[in-house]
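A structural walkthrough
Take a look at the letters that make up each chain.
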Amino acid sequence: MTTEQAIQTKHLNALAEIMSSLRLKDVLDAAVVQFAQLSQANKVAVFLADNQSKNFRLMASKGYSELSLQQMKLVPFNGDGILADVVNDRKPTVLKLGSHINGFNKAVFEREHSVNQAALPLATADLLIGAILIDSNGLILLDDIEIWRLTTNLSAIAIANAIIFGRSEYERERLNTLYKILSAFQVSALNLNQVLQKTADAALVLANTPYCAILLCEKDKPDLSLAAFKGFDGSSLINFDLSVSNTLAGCALAEGKTKQLGKNEQNVSVLPKAMGGETFRSAVALPLIGEGKKIGVLEVFSIDDGAFQSEQLELLEALVVEASSAVALSQKHETAIAQMKHDPHTGLLNRFYFQSALKAEIERSNRHNHQLSLLLIDIDYLSRVNDRFGEEKGDEVIAKIAKVIQSTLREIDLVYRFGGEEFAVVLPETPRKDIGIVLERLREKINKLAVSDIGTISVSMGVSTYPDHSRDAKELEDLAELALYLAKYQGRDRVIEAPIPTVGGDTNTWIELAKYAKQAVSAERRERAKSHLSSSADYANWLLKMKNSSKKNIVKKDQVPLP
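Computed from a predicted model, the values in this text were never measured in an experiment.

1. Quick word on the overall build of the chain
The helix and strand tally for the chain stands at 15 helices and 17 strands. Each of the 563 residues in the chain was classed as buried or not, and the buried ones make up 44%. Restricting to contacts in the chain with at least 6 residues of sequence separation, those with at least 24 account for 64%. For the chain, the accessible area works out to roughly 30100 Å², and carbon and sulfur atoms hold 52% of it.

Structure follows, in C-alpha cells:
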C-alpha cells in the first residue's frame, strides 16, 4: 500500500467512526478523537457555528486546560484570531511558533505551549457548520489539502445530520412535554401552586435551562411578586428587581409580547444569580395574559450568551398561552374559596376552618412538645346594640373588636369568627402560665375601644390549654366554652380559665357549675329572643287597631259631618 493509499484509508476509517452515529454528542466526540489521530495532535476542540448570534460555541474538546476551555467557550465570528480566518476564507489555516498570532488563540497558543495551531472549517453547501481547532507540541502536517477538505466537509455533513436528527428529537420531546403539561393543567387547574409548579417545570424543559421564575401581579401593589423559581442562588434574591418599570419583565408585561435580554438592555445587577453565584447572560420574559387581564410574567435565564433560539421561544410562547388560562382559572377559584373561608365583616376565617386548624395545631404541639392555648371570646350585650342602634352598628363593633384581637396578638396566633358574636383564637406555643397576662391585656384594650354612640364595650373570655386541660381537640373546645359561659354568668367582662383535672371532686364541681351557668345564660338569651317576638306581635296588633280605627273615621263623599 502506497503512502497516499494509507493516508486515504486513515481518513476513510476516521469518517466511518464520525458518521457511525446520529447522536450529536457521539459525532462530536468521535470527531475530536479522529482528528487528533489524523493530525497526531494531543489537543483538539470542535466548535459549532451559531449563525444567529454570530458566535462559535465550544462543543467538544480534548487535552486543553480549564482556563483555555473557559476562554474558548464562546468565540465571536468577527473577533481576531484563527477562527475568524475560517469564517472569512473557509479553508484550513495553520499557524507556527513565531508566526504573527493575535486574538483569543494567542493566549491559548502560549498557555498550551503549542508549536503549531490549525483551524479547519466545517462547511457544507456554502453553510458554515463549525470549525475544528488543533494545537500540537509538534508539527501539524496537512499533507494533502484535498483529502483534509473532503474529510472536514463530510464531517460537517455528519454533524449537520446529527443536528437535524437531534433537533427533531428535541422538538418531539418538547412537544410531548408540552402536551403532557397541557393535560396536567386540566387535572390541577384549580390549584394555583400546582399550576405554577408544572409551568416552571415545563419551561425548564422547553428552554433547555435549569433557571426560571414566575412573577405574578398583585392587586393594589405596584410591583410583581416572585411566585415560583428554580435554580437561583437564594442569597441573591434580594437583588431581584420585581418592579414593572425599566425591567425585562415589566417591558414584556407592558408591551404584551416576548422580550429578550441583550447586551445593554438591562443591568444584570437587578437579576438574581444562578446557583453557585454565576451571573445570568441571557434571559427571556414572556407575559402571562389570561381573559384579557395581565396576570404576570414567565422568565427563563441562562449563564450563556444568546442561549435561547427561535424554536425554543415558539414553544415557550405556546406554553404561556395555556399557562395563562390555567393561572387565571386557579386564581379565580382560590378567590372564591377564600370568600367562602372568610367572614365578610371581619375577613377572619370561619368556624369550619377552625376545627381542622385546631386539630393540626394540637398535632404540631404534640410533635414539638409545646403547649397550646384555646381562647373563646363573646361580645357582651351585642344584642342590645343591635336593638338600639341597628345591626350595621353591631357589625361595626364586631369588625373593630376583630382588629383589636389581631393587632394585640402575635402573627402566629390564629383568629376565627366563631359565631354571631363569638371569636375563637388558637395560640400556638403559649404556655398556661403566660396566657393570663396576654388575655387581660386584650380585655383592657377592648374596653378602651371607641365606637361612636356606644359606651364601653366589654367581652367575656374562656380559655383552656393543651395538654394541661385535655389532649383531645373536642374536649379542649368544650372546656373553653364552659369557661366562657361561667365568665358571662359571673358578671361578664372577665377571663375564666378551665380547671386542671384533679383526682377528687374539684374539677367535677367546676364543670357542674359551668354547665349550670351555660343553662342560665342560654335561658337569658331565649327570654330576650322571646321578648323580641312578643314586641313584634304587639307592634303588629297596634298597627291593626290603627287600621280599623281609621276605617271607622272615613267620611264618605255624600256624607257631611255635623257641626
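2. A short note on a nonpolar patch on the surface
Together, Tyr489, Leu513 and Tyr516 line one region of the surface with nonpolar side chains, adding up to about 300 Å² of accessible area. The residue Tyr489 is located in helix 14 (residues 473-489) in this model.

3. Considering the pattern of salt bridges
Under the criterion given, the structure shown has 28 salt bridges. Of the charged contacts, one joins Arg281 and Asp305 as a salt bridge, the two residues approaching to 3.0 Å between their closest N and O atoms. Note that Arg281 is positioned in the loop between strand 9 (259-261) and strand 10 (282-290) and Asp305 in the loop between strand 11 (293-302) and helix 9 (310-341), a separation of 24 residues in sequence. Of the residues examined, Arg281 reaches a relative accessible area of 47% and is grouped as partly exposed. With its nearest N and O atoms 2.5 Å apart, the salt bridge here joins Arg432 to Glu497. Of this pair, Arg432 sits in helix 13 (residues 432-447) while Glu497 is found in strand 17 (residues 495-497), placing the two residues 65 residues apart along the sequence. We classify Arg432 as partly exposed; its relative accessible area is 30%. Glu497 sits in the partly exposed class, given a relative accessible area of 29%. Beyond isolated ion pairs, a larger network of salt bridges with shared partners links Glu255, Lys257 and Lys259.

4. Observations regarding helix 1 (residues 3-18)
Each turn of an α-helix holds 3.6 residues, which means side chains three or four residues apart point in the same direction. Look at helix 1: 23 Å from first C-alpha to last across 16 residues, which is about the 22 Å you get at 1.5 Å a residue. The set of residues buried in helix 1 consists of His11, Ala14, Leu15 and Ile18. The arc that holds every buried residue of helix 1, seen down its axis, measures 100°, which confines them to one face.

5. So, the sheet that holds strand 4 (residues 93-96)
Read from one edge to the other, the open sheet built from 6 strands follows the order 3-2-1-6-5-4, with strand pairing classed as antiparallel. Strand pairing shows two members of the sheet lacking a second neighbour, strand 3 (74-76) and strand 4, which therefore form its edges. Each neighbouring strand pair of the sheet contributes to a mean axis angle of 25°, computed without reference to strand direction. Here 9 bridges tie strand 5 (residues 116-124) to strand 6 (residues 127-136), and the two strands are oriented antiparallel to one another. Looking across to strand 6, one finds that Thr124 is bridged to Leu127. Where helix 2 (residues 24-39) meets the sheet, it contacts strand 1 (43-50), strand 2 (55-62), strand 5 and strand 6, and its direction lies at approximately 135° from that of strand 1. Along the sheet, helix 4 (residues 82-89) contacts strand 1, strand 2, strand 3, strand 4, strand 5 and strand 6; its crossing angle with strand 5, the most-contacted strand, is approximately 35°.

6. Thoughts on the side chain of Glu361
Mapped onto the secondary structure, Glu361 falls in helix 10 (residues 351-368). Its relative accessible area of 14% is what places Glu361 among the buried residues. Residues in contact with Glu361, not counting those within four places in the same chain, are Leu372, Leu414, Val426 and Pro428.

7. With respect to the pairing of strand 4
What you see with strand 4 is a clean split: Thr93 and Leu95 sit on the buried side and Val94 and Lys96 on the side with no burial. Pairing of strand 4 with strand 5 involves 4 bridges; the strand directions are antiparallel. In the sheet register, Thr93 faces strand 5, and the bridge partner there is Ala119.

8. Concerning the pairing of strand 8 (residues 224-230)
Inspection of the sheet shows strand 7 (residues 211-217) paired to strand 8 by 6 bridges, in the antiparallel sense. What sits directly across from Ala213, in strand 8, is Phe229.

9. Let's talk about the packing of helix 12 (residues 391-408) against helix 13
Relative orientation of the contacting elements helix 12 and helix 13 amounts to 145°, with a least axis distance of 10 Å. The chirality of how helix 12 crosses helix 13 is right-handed. Residue-level inspection shows Ile401, Val404, Ile405 and Thr408 of helix 12 in contact with helix 13, the latter providing Arg441, Leu442, Lys445 and Ile446. Taken together, the residues of the contact of helix 12 with helix 13 break down into 5 nonpolar, 1 polar and 2 charged.

10. Describing the sheet that holds strand 16 (residues 459-466)
Spatial ordering of the open sheet is given by 12-14-15-13-16-17, a layout of 6 strands whose pairing is mixed. At either end of the open sheet lies a strand with only one pairing partner, and these are strand 12 (349-350) and strand 17. By the bridge criterion, 8 bridges tie strand 13 (residues 372-379) to strand 16 in an arrangement that is antiparallel. Across the sheet, Ile377 pairs through a bridge with Met461, a residue of strand 16. Set on the sheet, helix 13 makes contact with strand 13, strand 15 (422-428), strand 16 and strand 17; between it and strand 16 the angle comes to about 165°.

11. Things to note about the packing of aromatic side chains
Under the defined criterion, the tally for this structure stands at 13 aromatic pairs. Ring plane angle 80° and centroid distance 6.4 Å describe the contact between Phe240 and Phe301, whose orientation is recorded as edge-to-face. Of the two residues, Phe240 sits in the loop between strand 8 and helix 8 (248-255) while Phe301 sits in strand 11, which places them 61 residues apart along the sequence. Each member of the pair, Phe240 as well as Phe301, is classed as buried. Through successive ring pairs, a cluster of aromatic residues spans Tyr211, Phe229, Phe232, Phe240, Phe280 and Phe301. Above the ring of Phe418, the side-chain terminus of Arg351 is found at 3.8 Å from the ring centroid.

12. As for unusual backbone geometry
Each neighbour pair has its own omega, and for Tyr466 with Pro467 the value is 0°, a cis peptide bond. A positive phi angle is found at His113, which is not glycine, with a value near 55°. Structurally, His113 is set in the loop between helix 5 (104-111) and strand 5. The phi dihedral of Arg492 falls on the positive side, at around 65°, and the residue is not glycine. As for its position among the elements, Arg492 is in the loop between helix 14 and strand 17. For Arg492, a relative accessible area of 10% translates into the label buried.

13. Re the side chain of Lys393
In this fold, Lys393 is placed in helix 12. Apart from residues lying up to four places away in sequence, Lys393 is in contact with Val385, Val451, Ser452, Asp453 and Ile454.

The rules we used
Residues numbered from 1 in each chain as written. Predicted model: local features only at pLDDT ≥ 70, side-chain atom pairs only at ≥ 80, totals over all residues. Heavy atoms only, no water. Helix = DSSP H or I, 4+ residues; strand = E, 2+ residues; numbered from the N terminus. Buried < 20%, exposed > 50% of the residue type's maximum accessible area, 1.4 Å probe, protein only. Contact = heavy atoms within 4.5 Å. Areas by Shrake-Rupley, 256 points an atom, 1.4 Å probe, with all protein chains shown as cover. Patch = residues over 30% accessible without salt bridge, like charges linked within 9 Å, V, L, I, M, F, W, Y side chains within 5 Å. Salt bridge = Lys/Arg side-chain N within 4 Å of Asp/Glu carboxyl O. Expected span 1.5 Å × (residues − 1). Arc of directions from axis to C-beta. Pairing = 2+ DSSP bridges. Axes fitted to C-alpha atoms, helices over the stretch in contact; angles between N-to-C directions. Left-handed = near helix turned anticlockwise from the far one by under 90°. Nonpolar A, V, L, I, M, F, W, Y, C, P; charged D, E, K, R; others polar. Phe/Tyr/Trp six-rings, centres within 6.5 Å; stacked < 30°, edge-to-face > 60°. Lys NZ or Arg CZ within 6 Å of the ring centre and 35° of its normal.

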